[in-house]
Amino acid sequence: MQPLPAIAAQISALTQGRDYVLVAHGAKEDVKFLGNLDASIAAGACYILDTVKAAQYTLQLHYRYSLEKLPGALSIPWDRFRPHAAGNDAFFALECLLMIAARDMSNARTSGNQEEIGARSSTVTNTRIRLLVPHTYHS
């Protein structure tokens, strides 16, 4: 296990001089933690995407799904998922975000709004994603 200053240095090295997006489930706490670790990490993000809020809008929920329940609601197999292990949470938050985007595109197609579909698919196809967290499972 690495000390927090070493982790902050690694994150800063990965993000320095790059455009990046932070993806989190319940982003408020993650942004708070990153701010305590190194204020420039969260402040430098182009966007902060919260899967809790994205799921509420796309799935038309009146409540918030936990990260343990969201993969199931999006038909993501998660039988090997052990929640609250940082790498697992990061991996599944990103996977949930991708499925939320797919579901949102499907909803737009169903509504028949071709202009909206074109704008959304253009945004998705012109986006490059690099996962900064190793996607290993801890069981």
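Just above, that's the structure.
Residues numbered from 1 in each chain as written. Predicted model: local features only at pLDDT ≥ 70, side-chain atom pairs only at ≥ 80, totals over all residues. Heavy atoms only, no water.

Participant: Run through the overall build of the protein chain, naming residues and quoting values.
Facilitator: For the protein chain, the count of helices and strands is seven helices and two strands. In the protein chain, the succession of helices and strands from N to C terminus is α-β-α-α-β-α-α-α-α. Looking at the 139 residues of the protein chain, the share that counts as buried comes to 31%. For the protein chain, the proportion of contacts with a sequence separation of at least 24, taken over those separated by at least 6, is 60%. Taken as a whole, the protein chain presents about 9,400 Å² of accessible surface, with 56% of it coming from carbon and sulfur. (Helix = DSSP H or I, 4+ residues; strand = E, 2+ residues; numbered from the N terminus. Buried < 20%, exposed > 50% of the residue type's maximum accessible area, 1.4 Å probe, protein only. Contact = heavy atoms within 4.5 Å. Areas by Shrake-Rupley, 256 points an atom, 1.4 Å probe, with all protein chains shown as cover.)

Participant: Please give an account of the pairing of strand β1 (residues 21–24) that cites residues and values.
Facilitator: Judged by which residues are buried, β1 turns out to be one-sided: Leu 22 and Ala 24 face inward and are buried, whereas Val 21 and Val 23, on the alternate face, are not. Note: β1 against strand β2 (residues 47–50), four bridges, orientation parallel. From the neighbouring strand, Val 23 faces β2, where its bridge partner is Leu 49. (Pairing = 2+ DSSP bridges.)

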